[in-house]
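# Commentary on secondary and tertiary structure
Letter by letter, the chains look like this.
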Amino acid sequence: MDSPFEIPQDFPVPPEPPAGLKVYQDERGEVLSSPRQSRVGAVFLCVWLVFWWIGIAKQLHALLTTSQGPTGWFFFALFCIPGVVVPFVVLGMLFGAQELSFKYDGEVMCCRRFGFLRFAKKSFYPKDVQRISVRQALAYTKNHDRINHPTSTSTLEIVLPGDTLRLMFLNDPDQAIAKYCGARIRSAQKTF
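Residues numbered from 1 in each chain as written. Predicted model: local features only at pLDDT ≥ 70, side-chain atom pairs only at ≥ 80, totals over all residues. Heavy atoms only, no water.

## Quick notes on helix α3 (residues 176-189)
Going by this rule: Comment: elements are numbered from the N terminus, with helices defined as DSSP H or I runs of at least four residues and strands as E runs of at least two. One less than the number of residues in a helix, times 1.5 Å, gives the span that helix is expected to have. Burial classification: accessible surface area is computed with a 1.4 Å probe over protein chains only, and a residue below 20% of its type maximum counts as buried, one above 50% as exposed, and the rest as partly exposed.
Helix length check: α3 (14 residues) gives 20 Å between terminal C-alpha atoms against 20 Å at 1.5 Å per residue, within 8%. When you tally the buried positions in α3, you get 11 out of 14 residues, the bulk of the element. Within the sequence span of α3, burial applies to Ile177, Ala178, Tyr180, Cys181, Gly182, Ala183, Arg184, Ile185, Arg186, Ala188 and Gln189.

## A closer look at the side chain of Ser133
Rules: N or O atoms closer than or at 3.5 Å make up a polar contact, with two conditions inside protein: a donor-capable atom paired with an acceptor-capable one, and, for residues adjacent in sequence, both atoms drawn from side chains. Contact definition: two residues touch when any of their heavy atoms are within 4.5 Å.
Mapped onto the elements, Ser133 comes out in strand β7 (residues 131-140). Overall, the relative accessible area of 2% leaves Ser133 in the buried class. A distance of 3.3 Å separates polar atoms of two side chains, one belonging to Ser133 and the other to Arg131. Setting aside chain neighbours within four positions, we find Ser133 in contact with Pro4, Phe5, Glu6, Ile7, Thr155, Leu156 and Glu157.

## So, the environment of Tyr180
With respect to the element layout, Tyr180 can be found in helix α3. Linking Tyr180 and Asp163, residues 17 residues apart in sequence, is a C-alpha distance of 22 Å. Residues within four places of Tyr180 in sequence aside, it is in contact with Val13, Pro14, Glu16, Pro17, Pro18, Leu21, Val23 and Leu32.

## A word on a nonpolar patch on the surface
In plain terms, the rule: Residues enter a patch when their relative accessible area is above 30% and they make no salt bridge; the linking distance is 9 Å between like charges and 5 Å between nonpolar side chains (Val, Leu, Ile, Met, Phe, Trp, Tyr). Surface accessibility in these figures is a Shrake-Rupley result with a 1.4 Å probe; residues are shielded only by whichever protein chains are displayed. Salt bridge, as applied in this entry: a Lys or Arg side-chain nitrogen positioned within 4 Å of an Asp or Glu carboxyl oxygen.
Together, Trp53, Phe74, Phe75, Leu78, Ile81, Val84, Val85, Phe88, Val89, Leu91 and Phe95 make up an exposed nonpolar region whose accessible area comes to about 1,100 Å². Take Phe88: it is sitting in helix α2 (residues 70-95). For Phe88, a relative accessible area of 54% puts it in the exposed group.

## Side note on the sheet that holds strand β5 (residues 108-114)
Backbone-to-backbone hydrogen bonds join strands into a sheet, with any given pair of strands oriented parallel or antiparallel. Selection criterion: Strands are labelled as partners when DSSP assigns at least two bridges between them. Structural elements are reduced to axes, namely lines fitted to C-alpha atoms, with helices fitted over the stretch in contact, and the angle between N-to-C directions of any two is expressed from 0 to 180 degrees.
Taken in spatial order, the five strands of this open sheet run β2-β3-β4-β5-β6, and their pairing is antiparallel. Across the chains shown, the open sheet's two edge strands, defined by having one partner strand only, are β2 (22-26) and β6 (117-124). Taking the axes of each pair of neighbouring strands and ignoring which way they run, one obtains an average angle of 25° across the sheet. Inspection of the sheet shows β5 paired to β6 by six bridges, in the antiparallel sense. Across the sheet, the residue bridging to Met109 is Ser123, located in β6.

Shown next, in the form of structure tokens:
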């Protein structure tokens with residue numbers, strides 16, 4: 001099993017962010033953004049969505065040409081919900097990202113971005129971080145037993161009082177993105 005790499009307090013931040021990590025400034029502060037995209041899943045959902053909307057159109061045609069009671073319209077409304085929600089899931093699969101935001105007040109916020117929407121927001125202050133470690137993610141079988149071979153996904157583990165945050169960075173076989181983000185948090189600790 002792969003042992004975690006502990007990021008020490010004096011771990012240097014490289015001058016340039018690694019490939020696969022976008023660093024920019026916005027109204028929140030400095031943002032480190034790593035893509036979380038699944039084009040294969042998005043294509044699958046698009047194909048599924050086409051057939052789903054064909055089913056919605058056929059059901060609407062049946063409702064308008066025959067006299068079905070309110071029960072038919074109720075089931076039609078339930079049938080439409082996935083047809084409306086899934087396009088947003090597809091956008092998230094195409095334009096998703098894992099972000100760390102270093103706000104101007106010193107707070108760090110990690111979140112998952114799906115297009116323009118941000119979910120799974122968690123905030124902390126660098127002074128509260130007890131331990132930061134990086135490891136290569138392990139592969140799992142379908143019955144969730146661990147297999148002892150690392151994948152190209154790295155994991156940044158941030159231990160806080162009473163909570164542990166785990167950020168996953170896809171396509172990071174050398175753990176460079178996770179180490180850069182951990183070193184950036186360590187450097188933020190020195191400013192307090």
